[in-house]
Each structure stands twice: as structure tokens, then as C-alpha cells.
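# A look at the structure
These are the residues of each chain, in order.
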Amino acid sequence: MIFQTATHGLKYDLLLRTFSLQPKKLQPIMDDTSWSTEFAWQELPSPCFVVDAARLAANARLLAEIRARSGCRILLALKGFSMFSSFDVLRPHLDGVCASSPHEARLGREEFNKEVQAFAAAYSEADIRELSGLCDTIIFNSFNQMERFRPYLDAVPRPIRRGLRVNPECSTAATALYDPCASGSRLGITRAEFHPDRLAGISGLHFHCLCEQDADALEVTLAAFEKKFGEFLDSLSWVNFGGGHHITRPGYDVERLVRLVTEFRDRHPGLTVYLEPGEAVALNTGVLMATVLDIVHNGLDIAILDTSAETHMPDVLAMPYRPRIVGAGEPGEYPHLYRLGGVSCLAGDVIGDYAFPRPLAPGDRLLFLDMAHYSMVKTTTFNGVQLPAIVLGDSRNGGLRVVRRFGYADFKSRL
Ligand SMILES: *Cc1c(COP(=O)(O)O)cnc(C)c1O
């Protein structure tokens, strides 16, 4: 979507779709392009993240259905999505959270307050002290760490389950950056390093090998996991299948996931199965709205935005990927081509080349799709760039609540 703001004294752009000042839809339209008419965008500060409670609830309901049908428990991986103002939407449908650090564990305890699990590649003593007051389960990445902190955890009055992350050494992910089973990986204990005689106090195993993958990859991974570690399962009480299950992506094989979990539970009666998706919880539930600040020319038209790939959507550069924009297309698809550039100093702070049906002008607003997960949690104030405001919306009634605006104090307090 592009439209011009009221400050320009222009009518909202009708070029792409009719813009309604009173979004009165009673039935949510859950497709991507309907974003542009669901909310009164001109009322929002730019840049801002908007997460739609209706879309989030739809994802959560699908996850709840999988829980109910397969008997697994599902945790939200906070590292992917931590917008706690939306947790009331998720809490009824999920079992809790998994945390990567004491900070995330504390957020999970304070704001989600159901089951809290933690995993990190290694813990400090201070981490363990803090986690022991917050977590139900702490998962270790090595026997050494688990044994080092055993006396401390044994002395904690509340029961804290302990688990080990294992590495099934089964690569199904496309890129090494996101493949915990890549050769030389530090994540998870390989079978060669696994000591069955040192399992005292361990009640479960954890593996996390997937990234944006379908249930066929889980099937392959699960077979590798059971081949290597299956003999140890029957003395345990839980197994965590990690995250990376792209469950809420249209076309994901939900039936296969339900079958895999159900059959696993039949093979290992008494074992509780956990899934801990991050991305799937918030997939396609939020957008980043940004404004065109200027147009420059160097061989092609370049629109400079009040956002930045480097600071607001770093996975665009790291993954890398091309975010979709409402109303824009591939080069050639529409007559007006622009390179969209960020406001930071980084030469490579480029979001991509996009075609638009009409020329862009300063003040135009753009909606970058699918920005709820791994964007809000990864923003930085590099260059002192303004952090996007955080808005909780509801497309069922057009409701918008600006839950957080950022300013100089947020920049300064990190330095
Ligand atoms: C990243 C991660 C998750 C969540 O992964 P998604 O791809 O967001 O589903 C879950 N568990 C662990 C251990 C992780 O590192």
C-alpha cells in the first residue's frame, strides 16, 4: 500500500485500493493486502510495527488445535517474538515460553506466567542463579555445565527439571547460518560426546535442528534423533522437538506433524513432547510501516525511507530475504521502479528494488509485510536511528493502541 499522509493536504491515495477512514470490517480478512484497509494508518507514528491481534489469535488457535490433537505442549520461543503487550492473545492457547537468557526468562515469568524453559549455549553462575528463580526447566548444552551447576540446583527448594540439548547430526536446513547440525556446530551434544553414565538428574532431551521447515524435515530429523538417542528415552519424562516448525505457513503439513507427534508418543508412552516455535507463532501477523523521506537518482530512482534494513529488519541483510510490500511488485511488474534504501550510513542498507504502479513521493507510506517476528526483537539504535513505535491493532474492529514510542532516552540508555 502507498498513500500520502494528511500532512501533505492530499486525499489518501486511491491508486491501489480505496482507503477507508472508518475500518469497519466485522469479518477479518486475513490475506496480506487487506492490511491496507484494516487500519487508519495516517493516525500512526512512522516508522511503527503494527501487530494484529486477530491474525495472532488465528495462529494461536491453529497451534492450540495441534496441541489438542497430538497431545504435545507448545511453548513460544521468546527470542523470535517478545511483544508482551500481545501475550493476552497467546496465553490461553499455549503452554508457556522458552527463553534464551535470564532476561527472556524473566519476561516470560512476569508477562506470560505459564511454563518457562530455558536453553543457552552456556550459562554463567549468575545466569543459573537468576534462572533458578524463574524457570521450570533448564536445558544444558553440555554435560560439564549440567554437572557444574548440579549442586546449586539440587539445593534450590523448588523443583527445576534439567535437560540436555543433543545434536542429531541431521542437516535439513538450507543455509549453514541457520543449521545447528552443520559440521563443527557448538549447539547440542553429539552422540559421540554423549555419556549415558552421566545422566543423573536429567529428565529430558532437547533438539532444535529446523528453520522455517515443514513436517517432512521433522520426520527425517526425528528418525535421526531416535536412531542416535532413542535408547535413552524410556528413562526420561519429556522430549523437546525445538522450533523451526513453520506450522502457520499456508500449506504446512499439519496432518503430518500431528501424526509424527502422536506416533512418537505411542512409541514412548509417558514422554511429554514439546514444540517451541517462535516464528510460527507470529508469522504473517505484523507489518512495519515506513515513510518515504526523499527520492534520489543514481542510475535508477532510489527512495530513502525513515526505516532501515540494518536497524529495523536486519534479517533482510543477514538471511538474506526480500520483504514483500503491500501494493508493490517485482521489477517490471509495475511501471515505476525504485531501490528502497535505509536511512543509516551503511552502504549496503538496501531493502531491495521494487516496482510501484505510480511514482513515489516524500510522505508516501509503505507497508512491509510479515515483520512481527525476528524484527522487533532485533532492532538496534545504530546511527541513533529512531526505533519504530510498537502498535497493537485488531483488524476485527480497526482498533489501534500505540503501546510504545521510543526516543532519545532509549538510545542514550544503551550506551
Ligand atoms: C530459535 C529457536 C527456537 C525458535 O525457532 P523458530 O525458528 O523461531 O521457530 C526454538 N528453540 C531454540 C532452542 C531456538 O534456538
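Attention here is on the structure that accompanies the text. (Residues numbered from 1 in each chain as written. Predicted model: local features only at pLDDT ≥ 70, side-chain atom pairs only at ≥ 80, totals over all residues. Heavy atoms only, no water.)

### What to know about the site of the ligand
What counts here: It suffices for a single heavy atom of a residue to lie within 4 Å of a molecule or strand for the residue to be listed as near it. As used in this structure description, the phrase polar contact means that two N or O atoms lie within 3.5 Å; if the pair is within protein, one of them must be able to donate a hydrogen and the other to accept it, and residues adjacent in sequence are counted only when both atoms belong to side chains. What sets the accessible areas is the Shrake-Rupley method with a 1.4 Å probe; for residues, cover comes only from the shown protein chains. As a working rule, the residues Ala, Val, Leu, Ile, Met, Phe, Trp, Tyr, Cys and Pro are called nonpolar, Asp, Glu, Lys and Arg charged, and the rest polar, with Gly in that last group.
Neighbouring residues of the ligand: Ala77, Lys79, Arg165, His206, His208, Gly243, Gly244, Glu276, Pro277, Gly278, Glu279 and Tyr374. Lysine 79 is positioned such that a nitrogen or oxygen atom in its side chain is 2.6 Å from an oxygen atom of the ligand. Computed on the free molecule, the ligand has an accessible area of 390 Å², of which 88% lies beneath the protein chains in the complex. Class assignment of the residues belonging to the shell around the ligand gives a composition of 3 nonpolar, 5 polar and 4 charged.

### Section: the pattern of salt bridges
It is possible for side chains of opposite charge to pair when their charged atoms get near one another. What counts, and what does not: Whenever a carboxyl oxygen of Asp or Glu lies within 4 Å of a side-chain nitrogen of Lys or Arg, that contact is scored as a salt bridge. Each helix corresponds to a stretch of at least 4 residues labelled H or I by DSSP, and each strand to a stretch of at least 2 residues labelled E; elements are numbered beginning at the N terminus.
The full count for this structure, using the stated rule, is 29 salt bridges. A salt bridge links glutamate 219 to arginine 256; the nearest nitrogen and oxygen atoms lie 2.7 Å apart. Pair noted here: glutamate 219 is in helix α8 (residues 215-229) and arginine 256 is in helix α9 (residues 254-267), with a separation of 37 residues, a long-range link. Close ionic contact of aspartate 315 with lysine 378 constitutes a salt bridge, the shortest N to O distance being 2.7 Å. Placement of aspartate 315 in helix α12 (residues 315-318) and of lysine 378 in the loop between β15 (365-369) and β16 (389-394) is noted, with a sequence separation of 63 residues between them.

### Quick notes on helix α4 (residues 102-112)
The condition that has to hold: Remark: exposure states derive from per-residue accessible area (1.4 Å probe, protein chains only) relative to the maximum for the residue type, with buried under 20%, exposed over 50%, and partly exposed in between. This arc corresponds to the set of directions leading from the helix axis out to the C-beta atoms. For this analysis, residues touch if any pair of their heavy atoms sits within 4.5 Å.
By the burial criterion, the buried members of α4 are Pro102, Glu104, Ala105, Gly108, Arg109 and Phe112. Buried residues of α4, viewed axially, fall in a sector of 165 degrees; they line one side. For α4, the exposed residues set more than 90 degrees away from the buried face come down to His103 and Glu110. Residues of α4 that are buried in the fold lie against β3 (73-77), α3 (87-90), β4 (96-99), β5 (115-119) and α5 (125-132). Positive phi shows up at asparagine 113, right after α4, with a value of about 50 degrees.

### Focus on the packing of aromatic side chains
Selection rule: Stacked, edge-to-face and tilted labels apply to pairs of Phe, Tyr and Trp rings (six-membered ring for Trp) whose centres lie within 6.5 Å, assigned for plane angles under 30 degrees, over 60, and everything in between, in that order. Any Lys NZ or Arg CZ found within 6 Å of a ring centre and within 35 degrees of that ring's normal is scored as a charge over the ring.
Across all of its chains, the model carries 14 aromatic pairs by this definition. Ring centres of phenylalanine 143 and phenylalanine 194 lie 5.4 Å apart, and the angle between their planes is 70 degrees; on these two criteria the pair is classed as edge-to-face. One end of the pair, phenylalanine 143, is in helix α6 (residues 143-148); the other, phenylalanine 194, is in the loop between β7 (161-165) and β8 (202-206), with 51 residues separating them in the sequence. Phenylalanine 194 matches phenylalanine 143 in its accessibility class, with the two residues each being buried. Summarising the aromatic geometry, the rings of tyrosine 408 and phenylalanine 411 are spaced 6.2 Å apart at their centres and angled 50 degrees between planes, so their arrangement reads as tilted. Here the residue tyrosine 408 and the residue phenylalanine 411 both occupy positions in helix α13 (residues 408-412), the gap between them amounting to 3 residues, near one helical turn. A relative accessible area of 59% places tyrosine 408 in the exposed class. Linked through ring pairs, Phe143, Phe194, Phe207, Phe225, Phe229, Phe232, Phe241 and Phe264 together constitute an aromatic cluster. Sitting over the face of the ring of tryptophan 35, arginine 55 holds its NZ or CZ atom 3.9 Å from the ring centroid.

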